[in-house]
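Descriptive analysis of the structure
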Amino acid sequence: MDEFDVLIKNAIIIEGIGKEPYKGSITAVGDRITVIGEVKGDAKRVVDAEGLIALPGFVDAHSHADQTLLWYPKCENYVMQGVTTFIGGQCGQSMAPLSEYVRVPVMLMDHLVDLDLYKYYPNEQFYSADQVNKWMEEIYGWTLDWETMGGFFDRVEEIGISMNYAPLVGHSTVRTSVMGLDYKRHATEKELDEMRQLITEAIEEGCIGMSAGLDYDPDVFASQEEMVDGVKVLKKYNGIYCPHWRKTG
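Attention here is on the structure that accompanies the text. Keep in mind that this is a model prediction, so the values were computed, not measured. (Residues numbered from 1 in each chain as written. Predicted model: local features only at pLDDT ≥ 70, side-chain atom pairs only at ≥ 80, totals over all residues. Heavy atoms only, no water.)

**Thoughts on the overall build of the chain**
From N to C terminus, the chain includes seven helices and twelve strands. Projected onto its principal axes, the C-alpha coordinates of the chain cover approximately 65 × 40 × 35 Å. Burial status across the chain gives 43% buried among its 249 residues. When contacts within the chain are restricted to residue pairs at least 6 apart in sequence, long-range pairs at least 24 apart make up 71% of them. Just so you have it, the chain exposes about 14300 Å², and 52% of that area is on carbon and sulfur atoms. Of the charged side chains in the chain, 22 are positive and 40 negative, and the gap between their average positions amounts to 4 Å. (Helix = DSSP H or I, 4+ residues; strand = E, 2+ residues; numbered from the N terminus. Buried < 20%, exposed > 50% of the residue type's maximum accessible area, 1.4 Å probe, protein only. Contact = heavy atoms within 4.5 Å. Areas by Shrake-Rupley, 256 points an atom, 1.4 Å probe, with all protein chains shown as cover. Lys, Arg positive; Asp, Glu negative; His and termini not counted. Charge placed at Lys NZ, Arg CZ, Asp CG, Glu CD.)

Structure (structure tokens):
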């Protein structure tokens with residue numbers, strides 16, 4: 001009777017924990033690696049990795065792949081390069097929370113020059129959610145029908161993806177959700193409170209922290225105090241803060 005589902009033999013193994021590479025085997029049962037190194041036993045599937053290197057999947061610690069997950073759920077470009085985990089929602093831009101105004105989804109941007117003719121830069125930083133969803137329906141046959149990060153996660157789980165996705169909530173997205181197009185100023189106390197609530201909700205729904213895009217609208221108008229106020233929310237959850245800081249070039 002087979003002991004393992006998969007046996008990878010004769011591989012050069014790099015464990016990624018500081019040890020020197022060595023030749024050995026790797027076994028798996030179900031979706032779990034069970035033995036690394038010297039292996040005894042049979043397997044349902046045997047892979048001869050002679051001349052090949054086996055190592056843990058790479059982690060892309062700064063990614064915007066969440067913006068294309070619903071279009072490319074198999075994540076072929078990542079998987080074929082050995083990347084198995086990405087940290088999404090960077091630069092203050094996450095897939096939620098969504099409200100009256102939203103940033104045009106990355107894939108829809110390819111069509112924007114035809115949908116709202118412009119020469120150098122798009123005519124608007126943000127469009128109404130109704131307008132964006134009208135375009136989405138016309139071109140892709142589906143819409144941005146979620147409001148929260150939890151709602152987006154539901155969509156991702158429904159479609160199924162080939163990656164491990166560690167999400168951040170974007171402060172820029174939170175700021176737009178609260179302030180709409182009136183963002184070229186500092187936030188009021190009431191708005192700060194609303195932002196704290198949205199950040200808390202996103203963390204409790206599964207985000208590992210928050211990102212900021214201090215080089216871009218609308219976060220470029222946020223005060224240092226506003227950013228500190230948002231980051232304070234993370235402390236309770238041991239969350240991380242990933243800023244794209246102010247002008248770098």
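**Topic: the layout of surface pockets**
Approximately 620 Å³ is the volume attributed to the largest pocket. Looking at the largest pocket, it is lined by 28 residues, and the ones nearest its centre are Q93, R103, V104, Q125 and F126. Looking at the lining of the largest pocket, the elements with two or more residues in it are β8 (101-102), α2 (106-115) and α5 (171-179). When its residues are assigned to classes, the lining of the largest pocket shows 17 nonpolar, eight polar and three charged. Computed from the structure, the second largest pocket encloses a volume of approximately 410 Å³. As for the second largest pocket, its lining consists of 17 residues, and the residues nearest its centre are I8, I26, I33, A54 and L55. Elements with a contribution of two residues or more to the lining of the second largest pocket: β1 (4-13), β2 (22-29), β3 (32-37) and β5 (53-54). Split into classes, the residues belonging to the lining of the second largest pocket amount to 15 nonpolar, one polar and one charged. (1 Å grid on protein atoms, 1.4 Å probe; cavity = no way out; pocket = protein on both sides within 12 Å on 5 of 7 lines; lining within 4 Å. Points joined across faces, edges and corners; volume = space filled by probe spheres on them. Nonpolar A, V, L, I, M, F, W, Y, C, P; charged D, E, K, R; others polar.)

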